[in-house]
Amino acid sequence: IKESATLTRDVLEQHFNDLKGTLRKLLDERLMSLLQEVDAIEQESIKPLDECQKLIEHGVSTADDLLREGESAVHGDVGQQNEKLCNFTKKALHIQLDSLPEVPSLVDVPCLSAQLDDCLLTILKNQIFRHGTVASRPPVQLEEFVEKPGGILVRWCKVDDDFVAQDYRLQCRKSAAGPFEDVYVGSEMEFIVLHIDPNVEYQFRVCARGDGRQEWSPWSIPQMGRTTLVPHEWTTGLEGYSLSSRRNIALRNDSQACGVLYSKAPTYVCGQTLTFRQVLPGIETVGQPDRRDSLGVCVEQQNGYDSLQRDKAVCVSTNGAVFVNGKEMTNQLPAVTSGSTVTFDMEVVQLGPSSNEGGNFKLRVTISSNNREVVFDWVLDQCCVSLYFGCSFSYPGWKVLVF
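Residues numbered from 1 in each chain as written. Predicted model: local features only at pLDDT ≥ 70, side-chain atom pairs only at ≥ 80, totals over all residues. Heavy atoms only, no water.

1. Some thoughts on the overall build of the protein
When helices and strands are tallied, the protein shows 3 helices and 21 strands. For 403 residues, the compact-globule estimate of 2.2 N^0.38 gives 22 Å, and the protein exceeds it by more than 25% at 43 Å. Sorting the 403 residues of the protein into buried and exposed places 31% on the buried side. Long-range contacts, defined as pairs at least 24 residues apart, comprise 60% of the intrachain contacts of the protein with a sequence gap of at least 6. Taken as a whole, the protein presents about 25400 Å² of accessible surface, with 52% of it coming from carbon and sulfur. Charged side chains of the protein number 39 positive and 55 negative; the gap between the two group centres comes to 8 Å. (Helix = DSSP H or I, 4+ residues; strand = E, 2+ residues; numbered from the N terminus. Rg over C-alpha atoms; globule rule 2.2 N^0.38 Å. Buried < 20%, exposed > 50% of the residue type's maximum accessible area, 1.4 Å probe, protein only. Contact = heavy atoms within 4.5 Å. Areas by Shrake-Rupley, 256 points an atom, 1.4 Å probe, with all protein chains shown as cover. Lys, Arg positive; Asp, Glu negative; His and termini not counted. Charge placed at Lys NZ, Arg CZ, Asp CG, Glu CD.)

2. Observations regarding a nonpolar patch on the surface
On the surface, a cluster of nonpolar side chains totalling about 320 Å² of accessible area is made up of Leu12, Phe16, Leu19 and Val134. A relative accessible area of 35% means that leucine 12 is categorised as partly exposed. (Patch = residues over 30% accessible without salt bridge, like charges linked within 9 Å, V, L, I, M, F, W, Y side chains within 5 Å. Salt bridge = Lys/Arg side-chain N within 4 Å of Asp/Glu carboxyl O.)

3. Here's the deal with helix H3 (residues 119-130)
In this model H3 runs 17 Å from its N-terminal to its C-terminal C-alpha over 12 residues, within 8% of the 16 Å that 1.5 Å per residue would give. Note on H3: the residue one or two positions beyond its end, glycine 132, has a positive phi of about 85 degrees. (Expected span 1.5 Å × (residues − 1).)

4. Some words on the domain arrangement of the protein
In terms of domain boundaries, the protein breaks down into domain 1 (1-48), domain 2 (140-227) and domain 3 (241-402). Taking the mean C-alpha position of each, domain 1 and domain 3 sit 61 Å from one another. (Domains from an automatic or database assignment.)

5. Quick look at the UniProt feature "coiled-coil region" (unreviewed entry) in the protein
The positions UniProt marks with the feature "coiled-coil region" (unreviewed entry) are residues 9-44. Helix makes up 100% of residues 9-44 and strand 0%. Its end C-alpha atoms lie 52 Å apart. (UniProt positions renumbered as here; feature names shortened; annotations may be inferred.)

6. A short note on the pattern of salt bridges
Oppositely charged side chains can form a pair if their charged atoms are brought close together. Across all of its chains, the model carries 13 salt bridges by this definition. Residue glutamate 144 is joined to arginine 155 by a salt bridge in which the shortest nitrogen-to-oxygen separation is 2.9 Å. Separated by 11 residues along the polypeptide, glutamate 144 in strand E1 (residues 140-148) and arginine 155 in strand E2 (residues 151-158) bring together distant segments of the chain. Residue class for glutamate 144 comes out partly exposed when judged on its relative accessible area of 36%.

7. A closer look at the side chain of serine 307
Inspection of the secondary structure assignment puts serine 307 in the loop between strand E13 (294-298) and strand E14 (313-317). Judged by relative accessible area, which is 6%, serine 307 ranks as buried. Separated by 2.8 Å, the side chain of serine 307 and the backbone oxygen of arginine 292 make a polar contact. In terms of polar contacts, serine 307 uses its side chain to reach the side chain of serine 294, at 3.3 Å. Those residues in contact with serine 307 that lie beyond four places of it in its chain are Val260, Arg292, Ser294 and Ser392. (Polar contact = N/O pair within 3.5 Å; in protein donor to acceptor, adjacent residues only side chain to side chain.)

8. Re the UniProt feature "domain: Fibronectin type-III" (unreviewed entry) in the protein
Under the feature "domain: Fibronectin type-III" (unreviewed entry), the UniProt entry names residues 138-231. Along residues 138-231 the backbone is 0% helical and 51% strand, and the end-to-end C-alpha distance reaches 33 Å.

9. A closer look at the sheet that holds strand E5 (residues 190-193)
Across the sheet, 3 strands lie side by side as E1-E2-E5; this open sheet has antiparallel pairing. Of all strands in the sheet, those bounded by a partner on one side alone are E1 and E5. Here the strands of the sheet are splayed against their neighbours by 20 degrees on average, with no regard to which way each runs. Of the strand pairs in this sheet, E2 and E5 are connected by 4 bridges, and their pairing is antiparallel. If you follow leucine 153 over to E5, its bridge partner there is isoleucine 192. (Pairing = 2+ DSSP bridges. Axes fitted to C-alpha atoms, helices over the stretch in contact; angles between N-to-C directions.)

10. Here we look at the sheet that holds strand E3 (residues 165-173)
Strand pairing in a sheet relies on backbone hydrogen bonds, with the paired strands running either antiparallel or parallel. Strand order in the open sheet made by the 4 strands is E4-E3-E6-E7, with antiparallel pairing throughout. Looking at the sheet topology across the chains shown, the edges are occupied by strand E4 (181-186) and strand E7 (223-225). For this sheet the average axis-to-axis angle between neighbouring strands, irrespective of direction, equals 30 degrees. The sheet contact formed by E3 and strand E6 (residues 202-210) spans 8 bridges and is antiparallel. Note on E6: the bridge partner recorded for aspartate 167 is arginine 209.

Right, dumping it as structure tokens:
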């Protein structure tokens, strides 16, 4: 309680400090805009008046000069008087002393004033007093963490039956001091978080958005999750395939070389779920299919084969056919296309005391794809609970993520 209360205080103080800074900045920007508008109107309106004033002042100055010249001609020497009066008369005839520039009408001259509406304070006051709430219980909580190879399946549930959720938002962080980051936003109530380092604590939290609303609910209580399972990886070095940096995505490249790409180690353990996902490439197409193309698991790596359709292997071809120890079953799954997901689930079927001592060893296999599944028993001649996985594609363009 104390920790969440302290965090809530910090969030509120930071939020309102940010609001005050933003409001101050917006008010300063609005003030500057209005002052610039006053300057522009003043400069535009005063210009014709300044020009009119200059013309009037010039006319008055010219009249003064002419008046002084006339006085000088009248009071001058008799010998020069006639000449000066003649010059004065000529000059006076060329100067229009009875004309004035057009002065703007009084109604056309602006008179600036500031129009300020006091209702802004009332509106802001009402909005501010309704801004923000404090919730003591979030409507969703984290419910379960399930270890996955290199990942964690996170499940959550609603604890408020009256809350109608539209979307959920899951966040994760590796360090308690680091920032939370979004890992999922959607309508599902579970998500597999990949790229998780084994034996490292991660912190998770979830919130929800009500139906028809934009704001998110309060966060759930943060909880720690971890996985002890090493991530699935493809084997490096096979010429026909290019791998991602984490080696969990394999892309069939343009090389003419063919063969089966196996996992680096037998990391698939019975009791877990192994998932292959056809990753969408740049355009929503996949490579050209071939009857030998396959996804599946096997007891051991066997080089020299161009497909998993062989002994000691269970696989699904890209056209949906299921093969067990190289033999095609009558049951068939949907074809593998862009975005398809194929999952393998296996559990040991006990046959008796001798089942793990050289006798027949049976695994119950469930393969699912596009909401359809097949279930069968896979009989082996040895105990085997850790298996390799693999894939084989004849043409470029196929891109498979395994987890």
